[in-house]
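Residue-level listing of the chains:
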Amino acid sequence: MSTLPTTGRRSRMPNPLPFLPELTEVGQGLHKALQNSAIPQTTIHLLQLRAGQLLGTTYFTVRETGILRDLGESEERITAVATWWDAACFTDPERIALEMVEAVLTPNPSGERVPDELYARASAHYDDQAMWSLVMAISHIGFFTPAALIAKPIPGMPPGQNYTA
């Protein structure tokens, strides 16, 4: 998945599953919902890569970059996620997904994070089922954000091997 050296890297916390085995079911449910999504897997992982960048988590950015490469995405598109607003390589639906994740994750001191205007533009590209898929793709990152930021799983390691004992 990744070429990052993992020797000597440690997570802050051990694997959560021995302490909270119910997380397996929750995590599998979230992953299944995204796999059966009404929006393309590429769009999901582009927005999740952007979320990782915004949140400042190496674990998410490395994971999502690897997934996008596995999906056949070009280095140009992967790299351009950081500056998606002026990159010509994204479709309008991908742009809306990237804008939506930024709106959700970026405080807006002068108003709503997701104003009606943004929602209207998104709903022009996504029907109700796809909008809920978009919401769940962002929720998926939101669910795992505290673990990524607090427990600091080892970037580049597969699930189950990304925590030290």
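As a reminder, the structure under discussion sits directly above these lines.
Residues numbered from 1 in each chain as written. Predicted model: local features only at pLDDT ≥ 70, side-chain atom pairs only at ≥ 80, totals over all residues. Heavy atoms only, no water.

S.K.: Before we move on, could you go through the side chain of R50 and cite the residues and values that matter?
M.R.: Within the secondary structure, R50 is located in helix α2 (residues 41-55). Only 3.0 Å separates the side chain of R50 from the side chain of Q53, close enough to count as a polar contact. For R50, the side chain forms a polar contact with the side chain of E102, separated by 2.6 Å. (Helix = DSSP H or I, 4+ residues; strand = E, 2+ residues; numbered from the N terminus. Polar contact = N/O pair within 3.5 Å; in protein donor to acceptor, adjacent residues only side chain to side chain.)

S.K.: Hey, could you go over unusual backbone geometry for me, with residue numbers and the actual values?
M.R.: Negative phi values dominate among residues other than glycine, just as trans dominates among peptide bonds. Look at K152: it is not a glycine, yet its phi comes out positive at around 50 degrees. With respect to the helices and strands, K152 occurs in the segment after α7 (128-151).

S.K.: Outline the nonpolar core, listing residues and values.
M.R.: Ranked by internal contacts, the top residues of the largest apolar core, which has 22 residues, are I39, L47, M100, Y126, M131 and L134. Every element with two or more residues in this core is listed here: α2, α3 (58-70), α5 (92-105), α6 (116-123) and α7. Looking at this core, the element that brings in the most residues is α7, giving seven residues. Not counting residues within four places of it along the chain, the set of residues in contact with M100 comprises V114, L118, A122, M131, L134 and I138. Counting ten residues, the second largest nonpolar core, distinct from the first, contains L49, I78, A80 and W84. (Core = buried A, V, L, I, M, F, W, Y, C linked by side-chain atoms within 4.5 Å. Buried < 20%, exposed > 50% of the residue type's maximum accessible area, 1.4 Å probe, protein only. Contact = heavy atoms within 4.5 Å.)

S.K.: Account for the pattern of salt bridges, naming residues and giving values.
M.R.: Counted according to the given criterion, the structure contains seven salt bridges. Across the pair R77 and E94 runs a salt bridge, and its minimum N-O distance is 2.7 Å. One end of the pair, R77, is in helix α4 (residues 75-80); the other, E94, is in helix α5, with 17 residues separating them in the sequence. Residue R77 is classed as buried on the basis of its relative accessible area, which comes to 13%. Since its relative accessible area comes to 8%, E94 is described here as buried. Of the charged contacts, one joins E117 and R121 as a salt bridge, the two residues approaching to 2.3 Å between their closest N and O atoms. Of this pair, E117 and R121 both sit in helix α6, four residues apart, roughly one helical turn. R121 sits in the partly exposed class, given a relative accessible area of 30%. One connected set of salt bridges, linked through shared partners, spans E73, R77 and E94. (Salt bridge = Lys/Arg side-chain N within 4 Å of Asp/Glu carboxyl O.)

Just distances and angles here, no functional claims.
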